[in-house]
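Now for the letters of each chain:
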Amino acid sequence: MAAFTELIKNFDKIRDYARDFLVYGYKCRNDYTHKSSRSYDNERRRIESYLAGYIQWETSARGKNLFISTDTGDLSQNPLFSVWETKSFTANDCLLHFCLFDILNNHPGSTAQTAADLLYDHYLSCFAYCEMPDTMTIRNKLNEYVTAGLFQKHKNGKTLHYFISDSQLDKALPEIINKLAVPIHFFENITPAGVLGYFIRRDTGQNPGIFSFRHLFASHTLDDEVLLKILSAIQEQRSIQFETCSNRSKNPFRQTILPLKIAINVKHGRRYVLAYNNRTHNFFSYRLDYLKKVKVLEQSSVFTKHLSELETRLLRTWGVYLGRKNHIEQLEMVLAIAEESEAYVLTRLKREGKHGTVEKLADNRFVYRIEVSDTQEMVPWLRTFIGRIISLTGSNQRIMKQFHEDIECMTHMYED
């Protein structure tokens, strides 16, 4: 019988479990089809352990469902930051982590072979049962920590010498650290990869800050590793390859695209990568939380050209649907707005109407006009003006018909 372990080998696995349990539908035991029911129990216990205090559960006809229960008004930090502290390690990882820091602290500039000799002579010689890591394993661990920024290496001839990296935070004066507390706390909850701010604040002993957030999109941190790879590809003008993991499609498929921009819906929290698909020769938007196994590929010579065309299309988009080239739809909405008592509605119309125009037709009557690549994306926003709409017309007859039918259906429901 396999023993239960808290160790998880990579962040993709953590991300999948957190999404399955807490973001995409609160799976219960009967819904979990990836592996056995025992695997479900193991993963549920992991979730409950590193999100203790935020997890609640309820029983339904489907079974026991987990969910995160928080009040964002009282929440000063993202509870899902804790998932970044659950990566796996072996006995050798644990041994080398502490011993190599101690060795380089006492013997800075040691080579991999010197570190191996010191490890055996001063740390492992008294433990006959302890398995000695070979020199290649020690060298790999040293280089891994160089990549992570914990160590530095300098080449002297053909030999590599290793040193512990200096921490700028350790050198900083306490008053500087204290002044950084507020911006760091703001950074960790607002910007991409905010978990870095969480680690800085945690390692400097700072308590949660003074901010609370009305809209705290906790699940963003699950996608930050993917986001950073895509941002790196955009900066270097490179294509990427990825697999999609849409909840609607159980069979992921692989795609290659040229990422151009990241778009964030500040209201709903969804994040997208806007890209050019070389296979279909068109622009598309991809939800960031549907992407996994991102691999950065070769540099593109047409990045600037496609970015320029994307910018042109964005001038006519409402959301993230980039549409077909030169395809534009017109929409006109006439509204009744009391100028004296409902001036705020007019202000909102101008503020949220993007590149549309507002014209006064008569006292307390205004017309809003816009050209967009897809009217469908506007429908949720248009619905917020129900009760003030006098007329709504547009070139997309299918959307106009559906909108009016929805109003009629709602009217009949209230009449009944």
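Here's what I pulled together on the structure shown here. (Residues numbered from 1 in each chain as written. Predicted model: local features only at pLDDT ≥ 70, side-chain atom pairs only at ≥ 80, totals over all residues. Heavy atoms only, no water.)

1. Description of unusual backbone geometry
Phi is positive for Q237, close to 55 degrees, though the residue is something other than glycine. Its location among the elements puts Q237 in the loop between α9 (224–235) and β5 (238–244). For Q237, a relative accessible area of 29% gives the class partly exposed. With a phi close to 60 degrees, H281 is a non-glycine residue in the positive phi region. Tracing the chain through its elements places H281 in the loop between β7 (271–277) and β8 (282–287). (Helix = DSSP H or I, 4+ residues; strand = E, 2+ residues; numbered from the N terminus. Buried < 20%, exposed > 50% of the residue type's maximum accessible area, 1.4 Å probe, protein only.)

2. Section: the pairing of β7
Counted residue by residue, β7 has seven buried out of seven residues, so it is predominantly covered. The sheet contact formed by strand β6 (residues 254–264) and β7 spans six bridges and is antiparallel. Bridge pairing in β7 places I264 opposite R271. In this structure, the hairpin formed by β7 and β8 is closed by a connection of four residues, where H281 is found at a positive phi of approximately 60 degrees. (Pairing = 2+ DSSP bridges.)

3. Observations concerning the side chain of S373
Looking at the secondary structure, you find S373 in the loop between β12 (365–372) and α12 (379–383). Residue class for S373 comes out buried when judged on its relative accessible area of 4%. Only 3.3 Å separates the side chain of S373 from the backbone oxygen of Y321, close enough to count as a polar contact. Beyond its immediate stretch of four places on either side in the chain, S373 contacts R316, T317, Y321, L322, H327 and E329. (Polar contact = N/O pair within 3.5 Å; in protein donor to acceptor, adjacent residues only side chain to side chain. Contact = heavy atoms within 4.5 Å.)

4. Some points on the pattern of salt bridges
If charged atoms from side chains of opposite charge come close, those side chains can pair. Scanning the model with the defined rule gives 18 salt bridges in all. Ionic pairing is found between E371 and R316, a salt bridge with its closest N-O pair at 3.7 Å. One end of the pair, E371, is in strand β12; the other, R316, is in the loop between α10 (303–314) and β10 (329–336), with 55 residues separating them in the sequence. The class of R316 is partly exposed, set by a relative accessible area of 36%. Put simply, E339 and K360 hold a salt bridge, and the shortest N to O gap is 3.0 Å. Taken together, the positions of E339 in the loop between β10 and α11 (343–352) and K360 in strand β11 (residues 357–362) put the pair 21 residues apart, joining distant regions of the chain. Classification of E339 as partly exposed rests on a relative accessible area of 31%. K360 sits in the partly exposed class, given a relative accessible area of 43%. Connected through salt bridges with shared partners, the residues D93, K141 and E144 form a single ionic network. (Salt bridge = Lys/Arg side-chain N within 4 Å of Asp/Glu carboxyl O.)

5. A short note on the packing of aromatic side chains
Inspection of the entire model under this criterion finds 11 aromatic pairs. For the ring pair Y145 and F151, a centre distance of 5.4 Å and an interplane angle of 65 degrees mean the geometry is edge-to-face. As far as the burial class goes, Y145 and F151 line up, both buried. When the centroid spacing of 5.1 Å and the interplanar angle of 70 degrees are considered together, the rings of Y276 and F283 count as edge-to-face. An aromatic cluster is defined as three or more aromatic residues linked by ring pairs; in this entry it consists of W318, Y368, W381 and F385. Over the ring of Y290 we find R287; its NZ or CZ atom is 4.5 Å from the centre of that ring. Between K354 and the ring centre of W318, over which it is positioned, the NZ or CZ distance is 5.0 Å. (Phe/Tyr/Trp six-rings, centres within 6.5 Å; stacked < 30°, edge-to-face > 60°. Lys NZ or Arg CZ within 6 Å of the ring centre and 35° of its normal.)

6. Let's talk about the packing of helix α4 (residues 112–124) against helix α5 (residues 135–147)
Two numbers describe how α4 lies on α5: the axes approach to 9 Å, and their chain directions differ by 115 degrees. Overall, the two elements α4 and α5 adopt an arrangement that is roughly perpendicular. Seen from above, α4 lies across α5 with right-handed handedness. Along its contact with α4, which presents A112, Q113, A115, A116 and L119, the element α5 presents T135, I138, R139 and L142. (Axes fitted to C-alpha atoms, helices over the stretch in contact; angles between N-to-C directions. Parallel < 35°, antiparallel > 145°, perpendicular 65-115°, else oblique. Left-handed = near helix turned anticlockwise from the far one by under 90°.)

7. Section: the sheet that holds strand β13 (residues 389–394)
In space, the four strands of this open sheet follow the order β11-β12-β10-β13, with antiparallel pairing throughout. Of all strands in the sheet, those with a lone pairing partner are β11 and β13, marking the two edges. Taken pair by pair, the neighbouring strands of this sheet meet at an average axis angle of 15 degrees, ignoring direction. The strands that α11 touches are β10, β11 and β12; relative to β11, the one it contacts most, it runs at about 145 degrees. Lying on the sheet, helix α13 (residues 397–415) is in contact with β10 and β13; it crosses β13 at an angle near 155 degrees.

8. A word on the nonpolar core
One broad trend across soluble globular proteins is that nonpolar side chains are buried collectively. Core analysis: the largest hydrophobic core is formed by 25 residues, its most contacted members being I230, I240, F242, L260, L274, Y286 and L291. When contributions to this core are tallied by element, the ones reaching two or more residues are α9, β5, β6, β7, β8, β9 (291–299) and α10. For I230, the residues in contact, after removing those within four places along its chain, are I240, P259, I262, V273, L288, L291 and V294. (Core = buried A, V, L, I, M, F, W, Y, C linked by side-chain atoms within 4.5 Å.)

9. Considerations on the sheet that holds β9
Whether parallel or antiparallel, the strands of a sheet pair through hydrogen bonds between backbone atoms. Ordered by their spatial adjacency, five strands build an open sheet running β8-β7-β6-β5-β9, and the pairing between neighbours is antiparallel. Looking at the sheet topology across the chains shown, the edges are occupied by β8 and β9. Neighbour to neighbour, the strand axes of the sheet diverge by 45 degrees on average, direction disregarded. One ladder, built from six bridges, connects β7 with β8; its direction is antiparallel. If you follow A275 over to β8, its bridge partner there is F284. The strands touched by α9 within the sheet are β5, β6, β7 and β9, with β6 carrying the most contacts at an inclination of about 95 degrees. Across the face of the sheet, α10 comes into contact with β6, β7 and β8 while running at roughly 50 degrees to β6.

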